[in-house]
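# Fold and contact review
Here is how the chains run, residue by residue.
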Amino acid sequence: KHCWDERDRFYYSVDLNLVPVEKPDIKGFFLNWARIWCMKSSLERQKLLLAIDVHAPHVLRANVQPKNLQDFYDVFDVHEGDGMWLEPEKRIHIW
């Protein structure tokens, strides 16, 4: 799957394994991840989605998953005390 970003006019893969490149654009991946989950809505709409949508709110989907990936910390130089910092022992590792 690829996502078109009109502002940058590039394709970014949702799954980096699908893109045969020597050095994947990890920063581009995370920026595109944020763009995918970016959403502007009224408080009323957000409340409606909380009531009817089985998925987590967009702000959580955008911010929670990257905090579990070391590549995110490396690419954006995130350190203890930064807003997106999550203690290494609290990060979830599935694979």
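Residues numbered from 1 in each chain as written. Predicted model: local features only at pLDDT ≥ 70, side-chain atom pairs only at ≥ 80, totals over all residues. Heavy atoms only, no water.

## Some remarks on the overall build of the protein chain
Looking only at helices and strands, one finds four helices and two strands in the protein chain. Sequence-ordered secondary structure for the protein chain, helices as α and strands as β, is β-β-α-α-α-α. Taken across its 95 residues, the protein chain has 17% of its residues classed as buried. Considering only intrachain contacts with a sequence separation of at least 6, the fraction spanning at least 24 residues in the protein chain is 31%. Within the structure as shown, the protein chain displays about 7700 Å² of accessible surface, and the carbon and sulfur contribution to it stands at 58%. (Helix = DSSP H or I, 4+ residues; strand = E, 2+ residues; numbered from the N terminus. Buried < 20%, exposed > 50% of the residue type's maximum accessible area, 1.4 Å probe, protein only. Contact = heavy atoms within 4.5 Å. Areas by Shrake-Rupley, 256 points an atom, 1.4 Å probe, with all protein chains shown as cover.)

## Points about the side chain of Arg91
On the secondary structure map, Arg91 appears in the segment after helix H4 (70-76). Buried and unpaired, Arg91 has no salt bridge, with Glu87 as the nearest side chain of opposite charge at 6.9 Å. (Lys, Arg positive; Asp, Glu negative; His and termini not counted. Salt bridge = Lys/Arg side-chain N within 4 Å of Asp/Glu carboxyl O.)

## Observations concerning unusual backbone geometry
Positive phi values are uncommon outside glycine, yet Asp77 reaches one of about 55°. Checked against the element boundaries, Asp77 lands in the segment after H4.

## Observations regarding a negative patch on the surface
Together, Asp71, Asp74, Asp77 and Asp82 make up a negatively charged patch on the protein surface. For Asp71, the position within the fold is in helix H4. Since its relative accessible area comes to 42%, Asp71 is described here as partly exposed. (Patch = residues over 30% accessible without salt bridge, like charges linked within 9 Å, V, L, I, M, F, W, Y side chains within 5 Å. Charge placed at Lys NZ, Arg CZ, Asp CG, Glu CD.)

## Description of the packing of aromatic side chains
Both the distance between ring centres and the angle between the ring planes are used here to describe each pair of aromatic rings. Applying the stated criterion across every chain, the model contains eight aromatic pairs. With centroids separated by 5.4 Å and ring planes inclined at 75°, the aromatic side chains of Phe29 and Phe30 adopt a geometry described as edge-to-face. In this structure Phe29 comes out as buried when scored by relative accessible area, which is 16%. It is Arg91 that lies over the ring of Tyr73; its NZ or CZ is 3.6 Å from the centre. Here Arg91 stacks its cationic end above the ring of Trp85, 4.9 Å away from the centre of that ring. (Phe/Tyr/Trp six-rings, centres within 6.5 Å; stacked < 30°, edge-to-face > 60°. Lys NZ or Arg CZ within 6 Å of the ring centre and 35° of its normal.)

## Observations concerning the nonpolar core
Within the largest apolar cluster, six residues are counted, these being Ile26, Phe29, Phe30, Phe72, Tyr73 and Val78. Mapped onto this core, the elements with two or more residues apiece are helix H1 (26-37) and H4. Take this core: its biggest share by element is three residues, from H1. (Core = buried A, V, L, I, M, F, W, Y, C linked by side-chain atoms within 4.5 Å.)

Remember, this is a structural readout, not a statement about activity or role.
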